[in-house]
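Observations on the three-dimensional arrangement
Read off the chains here:
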Amino acid sequence: MIVAPLRLASPSHSAALSITVPVVMAPMAGVTRQAFRLLCYEQGAGVCVNEMITARGVVVGDDKTVSMMTFATAEPVRAVQLYGTDPATIDVAAGIAIQAFGAELIDLNFGCPVPKVTRKGGGGVLPWKLDLFRAIVRAAVRSADRYGVPVTLKTRIGIDDEHQLMLDAGRIAEDEGVAAVCLHARSVAQAYSGDADWAAIKTLVNALSIPVIGNGDIWEGADALRMMRDTGCAGVEVGRGALGRPWLFADIQDALRGCVATRLPNLGEVCDLLLRHAELNIAAMDELHGMADMRKHALWYLRGFPLGGDLRLALSHVSEFDELRRLLAVLDRDTPYPVAELGKPRGRQGGPRGRVIMPYGWLDDRSGLGLDLGDAELDVSGG
């Protein structure tokens, strides 16, 4: 299969950001921090997007938000995902992200299914308000276009089976100069449960002339290849499949080049990668915070290996790099990879949301202009 680079351009500039390998590391709260992005780039990701941050936090200079927009010089692309509910705030935030933090790509989040966001009209339910959605997208594109920076956005199929959004959202995005649309092929009601509907990705591809990036249920390199073949999408976005398995990006690269194989690193090789991740994390933060962040990653890396309950408990409380190294040193490095773990989700799972929580009367009309949804941005940055 011949895979073309993903070219992303802003409306008024002919020069495009060219992603040679059209494989995106999805923004994930508490996960896609600097160290993990660097590691995924080392393993073959085309572009890694930082964890979702609020436009309001950028504008007011919130310390936590600012820290989340720190990029390493080794990152080939500085990609920022903004979440916002007010066009004017998005306008200013996009400009700050570009001017002050060197963002080379702005991604807009319209897919978050978290109830604390949707109950206030944000995230995955916002595109239902077509006029407000258009105004937000237009503000972001115009702001970024002043600097020649492309804008992409991520959305879902719909709120639920009865209230689909993707075609309206995709067409508005195309009209307003968005460079590409990423579709998480689930509804807001599904959250992260059930199977992704890849047929919806194909429908959106056929409806738009701008690139569509497919997201959902890519656990192995062969999945990425099959999604691109079956749907015609221009690239893929990988989220939970890479948790504890950043080498998945290398597998995807191989698959797209015609070599469908699955890396099965032994326990020693996994431990080496885990330690590399920890070193990068400490360099980006400090040992205290870097090692606290590594606790969840360590359990993802070692999932399925025969560790024993005491060691797993110790890893869940590890606080120093040397302690991590000592804990890993007792393991049998030749232990083969637990193939039973292949093709299984990690991280956020759970069942479907059922009824999506939205503001009263949210579905009654499709405009949304004049609504004050500022509260939907509170306490969202970083999850």
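Some thoughts on the overall build of the chain
Across its full length, the chain holds 14 helices and 13 strands. Relative to the globule expectation of 21 Å for 383 residues, the C-alpha radius of gyration of the chain, 20 Å, shows essentially globular dimensions. Taken over the C-alpha atoms alone, the chain extends approximately 60 × 45 × 45 Å along its principal axes. Per-residue burial over the chain gives 57% buried out of 383 residues. In the chain, the proportion of contacts linking residues at least 24 apart, taken out of those at least 6 apart, comes to 72%. By element, 50% of the accessible surface of the chain is carried by carbon and sulfur atoms, the whole surface being about 15,100 Å². Taken as two groups, the 39 positive and 46 negative side-chain charges of the chain have centres that lie 2 Å from each other.

What to know about unusual backbone geometry
Positive phi, normally seen in glycine, also occurs at Ala191, with a value near 55 degrees. Among the secondary structure elements, Ala191 is positioned in the loop between β11 (180-184) and α8 (198-207). Residue Asp217 is not a glycine yet carries a positive backbone phi of 65 degrees. Accessibility expressed as a relative area gives 15% for Asp217, which makes it buried.

Structural notes on the side chain of Asp223
Looking at the element boundaries, Asp223 is found in helix α9 (residues 221-231). Contacts of Asp223, omitting those with residues within four sequence positions, involve Trp198, Asp217 and Ile218.

Looking at the pairing of strand β12 (residues 212-215)
Of the two faces of β12, the one lined by Val212 and Gly214 and the one lined by Ile213 and Asn215 are each fully buried. For β11 and β12, the ladder comprises 4 bridges, and the chain directions are parallel. Bridging across to β12, Val181 finds its partner in Val212. Viewed along the sheet, the connection from β11 through α8 into β12 turns out right-handed. Bridge count for β12 against strand β13 (residues 235-238) is 3 bridges, and the pairing is parallel. By the bridge assignment for β13, Ile213 is matched with Gly235. In this fold, β12 hands off to α9, which returns the chain to β13; that crossover is right-handed.

Observations concerning a positive patch on the surface
Positive charge collects at one region of the surface, where Lys64, Lys116, Arg119 and Lys120 lie side by side. Checked against the element boundaries, Lys120 lands in the loop between α5 (115-118) and α6 (130-145).

Some words on helix α10 (residues 248-256)
The buried fraction of α10 is high, at 8 of 9 residues. Residues of α10 that are buried include every one of Leu248, Phe249, Ala250, Asp251, Ile252, Gln253, Ala255 and Leu256, and no others. Summarising the contacts, the buried residues of α10 are in contact with β3 (23-25), α1 (34-42), α9 and β13. Two residues or fewer after α10 comes Gly258, characterised by a positive phi angle close to 100 degrees.

Here we look at the pattern of salt bridges
Applying the stated criterion across every chain yields a total of 20 salt bridges. For Glu42, the salt bridge is made with Arg276, and the minimal N-O distance between the two is 2.4 Å. Of this pair, Glu42 sits in helix α1 while Arg276 sits in helix α11 (residues 267-284), placing them 234 residues apart in sequence. For Asp293, the salt bridge goes to Lys296, with nearest N and O atoms at 2.6 Å. Here Asp293 pairs with Lys296, and both are found in helix α12 (residues 287-301), just 3 residues apart, close to one helical turn. In this structure Asp293 comes out as buried when scored by relative accessible area, which is 6%. Using a relative accessible area of 31% as the deciding quantity, one classes Lys296 as partly exposed. In the salt-bridge network here, residues are joined through shared partners; they are Arg33, Glu51, Asp293 and Lys296.

Digging into helix α7 (residues 166-175)
Along α7, the residues that are buried comprise Met166, Ala169, Gly170, Ile172 and Ala173. For α7, the buried positions fall inside an angular range of 165 degrees around the axis, keeping them on one side. Residues of α7 that are buried make contact with α6, β8 (151-156), β10 (163-164), β11 and α8. One or two steps after α7, the chain reaches Gly177, where phi turns positive at roughly 95 degrees.

Brief notes about the packing of α6 against α7
In a packed pair of helices, the relevant descriptors are the angle between the two axes and the axis-to-axis distance. Between α6 and α7, the least distance of the axes is 10 Å, while the angle of their chain directions is 35 degrees. Considering only the axes of α6 and α7, their crossing is right-handed. Only Asp168, Ala169, Ile172, Ala173 and Asp175 of α7 make contact with α6, whose side of the interface consists of Leu130, Phe133, Arg134 and Val137. When the residues that make up the contact of α6 with α7 are grouped by side-chain class, the tally is 6 nonpolar, no polar and 3 charged.

So, the nonpolar core
Ranked by internal contacts, the top residues of the largest apolar core, which has 98 residues, are Val80, Leu82, Ile106, Leu108, Leu153 and Ile201. Counting residues per element, this core draws most heavily on α6, which supplies 9 residues. In this structure, Val80 is in contact with Val49, Asn50, Ile53, Met69, Phe71, Ala97, Ala103, Leu105, Ile106 and Asp107, ignoring residues within four places of it in sequence. Membership of the second largest hydrophobic core comes to 29 residues, among which are Leu274, Tyr301, Leu324 and Leu328.

Calculation criteria
- Residues numbered from 1 in each chain as written.
- Predicted model: local features only at pLDDT ≥ 70, side-chain atom pairs only at ≥ 80, totals over all residues.
- Heavy atoms only, no water.
- Helix = DSSP H or I, 4+ residues; strand = E, 2+ residues; numbered from the N terminus.
- Rg over C-alpha atoms; globule rule 2.2 N^0.38 Å.
- Buried < 20%, exposed > 50% of the residue type's maximum accessible area, 1.4 Å probe, protein only.
- Contact = heavy atoms within 4.5 Å.
- Areas by Shrake-Rupley, 256 points an atom, 1.4 Å probe, with all protein chains shown as cover.
- Lys, Arg positive; Asp, Glu negative; His and termini not counted.
- Charge placed at Lys NZ, Arg CZ, Asp CG, Glu CD.
- Pairing = 2+ DSSP bridges.
- Right-handed = clockwise from strand over helix to strand, strands pointing away.
- Patch = residues over 30% accessible without salt bridge, like charges linked within 9 Å, V, L, I, M, F, W, Y side chains within 5 Å.
- Salt bridge = Lys/Arg side-chain N within 4 Å of Asp/Glu carboxyl O.
- Arc of directions from axis to C-beta.
- Axes fitted to C-alpha atoms, helices over the stretch in contact; angles between N-to-C directions.
- Left-handed = near helix turned anticlockwise from the far one by under 90°.
- Nonpolar A, V, L, I, M, F, W, Y, C, P; charged D, E, K, R; others polar.
- Core = buried A, V, L, I, M, F, W, Y, C linked by side-chain atoms within 4.5 Å.

Any functional reading would require information that these geometric values do not contain.
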